[in-house]
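Residue strings, one per chain:
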2 protein chains.
Amino acid sequence: MRSPSGFKFSGVNSGVRVKRKDLGLIYSEKPATAWGVFTRNKVKAAPVLYDMEIIKKGILQAILVNSGIANACTGKRGLEDVQREAEEVGKLLNIDSRLVAISSTGKIGPYLPMEKILKGAERCVSSLSEDGFLDFSDAILTTDTIRKIVYEEIEIGGKEIKILGISKGSGMINPDMATTLTFVTTDVNISLPMLKLALVRTTERTFNLITVDGDTSTNDTILVMANGFSENEKIKREDKNFEIFYNALYKVLKGLAYLVAKDGEGATKLVKIKIKGADSFSDAKRAGKTVANSLLVKTALYGSDPNWGRIMAALGYAGIVIDPEKVDIKIGEKIVENGKPTEFSREKIREYLGKKEVEIIIDLKIGVGEAEVLTTDLTHEYININTQYS
Amino acid sequence: MRSPSGFKFSGVNSGVRVKRKDLGLIYSEKPATAWGVFTRNKVKAAPVLYDMEIIKKGILQAILVNSGIANACTGKRGLEDVQREAEEVGKLLNIDSRLVAISSTGKIGPYLPMEKILKGAERCVSSLSEDGFLDFSDAILTTDTIRKIVYEEIEIGGKEIKILGISKGSGMINPDMATTLTFVTTDVNISLPMLKLALVRTTERTFNLITVDGDTSTNDTILVMANGFSENEKIKREDKNFEIFYNALYKVLKGLAYLVAKDGEGATKLVKIKIKGADSFSDAKRAGKTVANSLLVKTALYGSDPNWGRIMAALGYAGIVIDPEKVDIKIGEKIVENGKPTEFSREKIREYLGKKEVEIIIDLKIGVGEAEVLTTDLTHEYININTQYS
């Protein structure tokens, strides 16, 4: 795992949080082609509103991220604070402040303690290094219990290209949007339209297919920066080179989405819900997410209870094209065929559901739409984590 | 609390469940004007499919209900079983089997043990009595911890009219449909179109506004029978008499919905979410249900944590017309004004949230749409109840 060429990272404790890193910086030695995907929640945090505006021109050179406070529901003052953060980082790095994106994650409501943040930014700038990505990763985590970093290397036209993705997030996860914070840096040389295409398409097939609790955050953001340092011939169209890059980016985002889902708050197991034979991709996604978000399904999974009736009921209210008498459900082995239970052994399925990672395969036998949704079970520990937070 | 004139009830143990009543019967001495509202889940239990068919003519004389087995996902055999139940009850009561509705609640998947059910039906018929409604109520409960019976008396043109409503249900509750099982008997004299109007309108404003876990059952049913024994002048249009009846029916359904929500699985408190100032009733309902179904809101409520940020986030992804900077939220007192927190005392709000019944009032200040959604908190006990059921 290495830093893509031309990128530096850092992470420090600014004092927003007690005794742990809470402020991170990413910096590219030259302005990078960049794009972002943001929360579809109508209540958007100030940094999201800011980034959505500055990303329009498709160039970024730095990203400052704090954890502990979300800077959401902070009105005009929140937006002014973001503006000041970007200006300070621009000044410190001697770059245009409009090339600086800002992200925040944490509590909704409070204002940022600007003095701490700005002093912290100074230390972020002075401690930038190629190896700083672990510090950066630590600085952006909140209730996460594991780091989420995925790295891929590819070759295009003899040039080595590195892609490094870093995420945070383990609750309030139901994209249909960016979900959580994710920052991807790469030294690939690519045009803005092709970078957009790659990001939007991979996001839809990765982060937008995980769900922990069905809640959608005010701060979800994915930002990607491609600085061209690898000097490959610029990717400008959907050719073979684009495909190589697309597949690598997909692997990075898929890997990150997997880590985020795996780290779902209080989860005891990761659950892959594969929908096949849906009328469309959109139906498959909806079916998968509805099953994944059903509290009754989630609690049954926690108890390793092969309660297929709850899955059938969830499919029934998903609002998709369905013929109940065609549905097959496989949990380890086929337990429902044409809408009716097989003579499966409860004990065998219980044993399968006791694993750390399980798969539920649902075949609707209507069309060719497919989607794989990642989720977790709903546990006592989830409730412990979330009853006292604010 | 009395039985409406001309109605008899019973409840017995048929042997489907161990040592508790599990089969109930309602009988009207004459055919009654009747209507029903059913689950919108596309996976419908056999008795729902059957009732939807026979209710079309608007007449019923008896309803047989079993608990323990839902007769859902049982295909052709499930439908044949329902048919046999209706025929047997028709024979025993010496009435047309097409005047007999059937309901079931319980586990999805298994077939009904028809021998037990048919023998039980015989005992139901022989034990019918005017005072049998408590037995009937006990026979239809599942995970319920309290009986749900609401009674109203009104007078129309000097005639006394009685309305008796009986429900079951404490989980898998998210109507937008009928939710749970509810049976209303009344001796009012009313035309079918007016009965339909009253039922559909009151359901939309009562049962369709409660939600415990966002899950929507395969068996949800509300059936109302009006046998005309009170001999009031027939209600045929939306006049003052209709209004008197409508208001009483509303009280009965509202009371039952309240009892069902209050009995939400494992809940420690009942939460009323009042949405005001929405763009429409439909927006208000959607906003209220989204807040009510947010796991993060529900767990915060369990912990009596005034986490208004989670409420704002839920409003943001509800898919409604919203201006985040206009939103007011009141929990005991105003804690958010124009999208930003007031200087409220956390301790005071925590104390308020510690009560058995709490109110969250959200004013969107957009239009005049209003709705009141009933829900509960999400607790360790909910998880205990639902991890092992099938």
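Check the entry above for the structure.
About the cut-offs
- Residues numbered from 1 in each chain as written.
- Chains lettered and ligands numbered in written order.
- Predicted model: local features only at pLDDT ≥ 70, side-chain atom pairs only at ≥ 80, totals over all residues.
- Heavy atoms only, no water.
- Helix = DSSP H or I, 4+ residues; strand = E, 2+ residues; numbered from the N terminus.
- Rg over C-alpha atoms; globule rule 2.2 N^0.38 Å.
- Contact = heavy atoms within 4.5 Å.
- Areas by Shrake-Rupley, 256 points an atom, 1.4 Å probe, with all protein chains shown as cover.
- Lys, Arg positive; Asp, Glu negative; His and termini not counted.
- Charge placed at Lys NZ, Arg CZ, Asp CG, Glu CD.
- Least-squares fit on C-alpha atoms with pLDDT ≥ 70 in both.
- Phe/Tyr/Trp six-rings, centres within 6.5 Å; stacked < 30°, edge-to-face > 60°.
- Buried < 20%, exposed > 50% of the residue type's maximum accessible area, 1.4 Å probe, protein only.
- Lys NZ or Arg CZ within 6 Å of the ring centre and 35° of its normal.
- Axes fitted to C-alpha atoms, helices over the stretch in contact; angles between N-to-C directions.
- Parallel < 35°, antiparallel > 145°, perpendicular 65-115°, else oblique.
- Left-handed = near helix turned anticlockwise from the far one by under 90°.
- Pairing = 2+ DSSP bridges.
- Salt bridge = Lys/Arg side-chain N within 4 Å of Asp/Glu carboxyl O.
- Buried area = accessible area lost by both parts, 1.4 Å probe.
- Polar contact = N/O pair within 3.5 Å; in protein donor to acceptor, adjacent residues only side chain to side chain.
- Nonpolar A, V, L, I, M, F, W, Y, C, P; charged D, E, K, R; others polar.

Caption draft 1: Up close: the overall build of chain A. Counting its regular elements, chain A contains 11 helices and 14 strands. Taken against the 2.2 N^0.38 rule, which gives 21 Å for 390 residues, the C-alpha radius of gyration of chain A at 22 Å falls within 12% of a compact globule. Taking the principal axes of the C-alpha coordinates as reference, chain A spans close to 70 × 50 × 35 Å. Long-range contacts, defined here as pairs at least 24 residues apart, represent 81% of the contacts in chain A between residues at least 6 apart. Only carbon and sulfur atoms are counted for the fraction: they give 47% of the accessible area of chain A, which is about 14,000 Å². Taking the 55 positively charged and 52 negatively charged side chains of chain A as two groups, their mean positions are separated by 2 Å.

Caption draft 2: Examining the relation of the copies chain A and chain B more closely. The transform that puts chain A on chain B rotates by 180° and translates by 0.0 Å along the axis, for an RMSD of 0.0 Å. Considering both components of the superposition, the chain copies are consistent with a two-fold axis. Taking the C-alpha atom as reference, chain A places A:H380 closest to the rotation axis, 2.8 Å from it. In this assembly the copies share their binding face: 100% of the residues contributing to the interface of chain A also contribute to that of chain B.

Caption draft 3: Just the packing of aromatic side chains, in detail. Taken as a whole, this structure holds eight aromatic pairs over all chains when the rule is applied. Centre to centre, the rings of B:F9 and B:F133 are 5.9 Å apart; their planes meet at 85°, and the pair counts as edge-to-face. Taken together, the positions of B:F9 in strand 1 (residues 7-12) and B:F133 in helix 4 (residues 133-140) put the pair 124 residues apart, joining distant regions of the chain. The two residues B:F9 and B:F133 agree in class, both being buried. Among the aromatic residues, those joined into a cluster by ring pairs are A:F9, A:F133, A:F136 and A:F183. Here A:K30 stacks its cationic end above the ring of A:F229, 5.4 Å away from the centre of that ring. It is B:R201 that lies over the ring of B:Y246; its NZ or CZ is 5.9 Å from the centre.

Caption draft 4: Focus on the environment of B:E231. Its place among the elements puts B:E231 in the loop between strand 8 (221-226) and helix 6 (240-262). Sequence separation of B:E231 and B:E160 is 71 residues, and the distance between their C-alpha atoms is 8.9 Å.

Caption draft 5: Here's a closer look at the packing of helix 5 (residues 192-205) of chain A against helix 6 (residues 240-262) of chain A. Residue and element names in this part refer to chain A. Helix 6 packs onto helix 5 with a crossing angle of 40° between their chain directions and a minimal axis gap of 9 Å. When the axes of helix 5 and helix 6 are compared, the pair comes out oblique. When you trace helix 5 past helix 6, the crossing you get is right-handed. Here M194, L195, L197, A198, L199, R201, T202, T203 and R205 of helix 5 come into contact with helix 6, specifically with F242, F245, Y246, L249, Y250 and L253.

Caption draft 6: How the structure looks around the sheet that holds strand 9 (residues 270-278) of chain A. All names here are of chain A. Strand order in the open sheet made by the six strands is 12-11-10-13-9-14, with mixed pairing throughout. Every interior strand has two partners, whereas the edge strands, strand 12 (340-341) and strand 14 (369-376), have only one. Direction of pairing for strand 11 (residues 333-337) relative to strand 12: antiparallel, over a ladder of two bridges. Following the sheet pairing, E337 is matched in strand 12 by K340.

Caption draft 7: Looking closely at the pattern of salt bridges. Residue and element names in this part refer to chain A. In the structure shown here, the tally under the stated rule is 42 salt bridges over all chains. In this structure, D263 and K148 form a salt bridge, with 2.5 Å as the shortest nitrogen-oxygen distance. Taken as a pair, D263 in the loop between helix 6 and strand 9 and K148 in strand 5 (residues 148-156) lie far apart in primary sequence, 115 residues in all. For D263, a relative accessible area of 6% corresponds to the buried category. For K148, a relative accessible area of 0% gives the class buried.

Caption draft 8: Representation of the sheet that holds strand 9 (residues 270-278) of chain B within the structure. Residue and element names in this part refer to chain B. With mixed pairing, six strands are arranged side by side in an open sheet as 12-11-10-13-9-14. At either margin of the open sheet sits one strand with a lone partner, and together these are strand 12 (340-341) and strand 14 (369-376). Each of strand 10 (328-331), strand 11 (333-337), strand 12 and strand 13 (357-363) touches helix 9 (residues 308-316); the most contacted strand, strand 10, lies at about 135° to it.

Caption draft 9: Region of interest: the interface of chain A and chain B. Taken residue by residue, the interface counts 54 residues in chain A and 54 residues in chain B. Of the roughly 4,400 Å² buried at the junction of chain A and chain B (both faces included), carbon and sulfur atoms supply 61%. Inspection of the chain A/chain B interface yields 10 residue pairs in polar contact (both at pLDDT 80 or more). For the side of chain A that touches chain B, the secondary-structure elements that each account for two or more residues are helix 8 (295-302), helix 9 (308-316), strand 12, helix 10 (346-353) and helix 11 (380-387) of chain A. Looking at side-chain class alone, the side of chain A that touches chain B contains 23 nonpolar, 22 polar and nine charged residues.

Caption draft 10: Fine view of the side chain of B:S10. All names here are of chain B. With respect to the helices and strands, the residue S10 is situated in strand 1. With relative accessibility at 1%, the residue S10 sits in the buried group. Within the structure, S10 has its side chain in polar contact with the backbone oxygen of C124 (distance 2.8 Å). Setting aside chain neighbours within four positions, we find S10 in contact with L23, G24, L25, C124, S127, L128, G132, D135 and F136.

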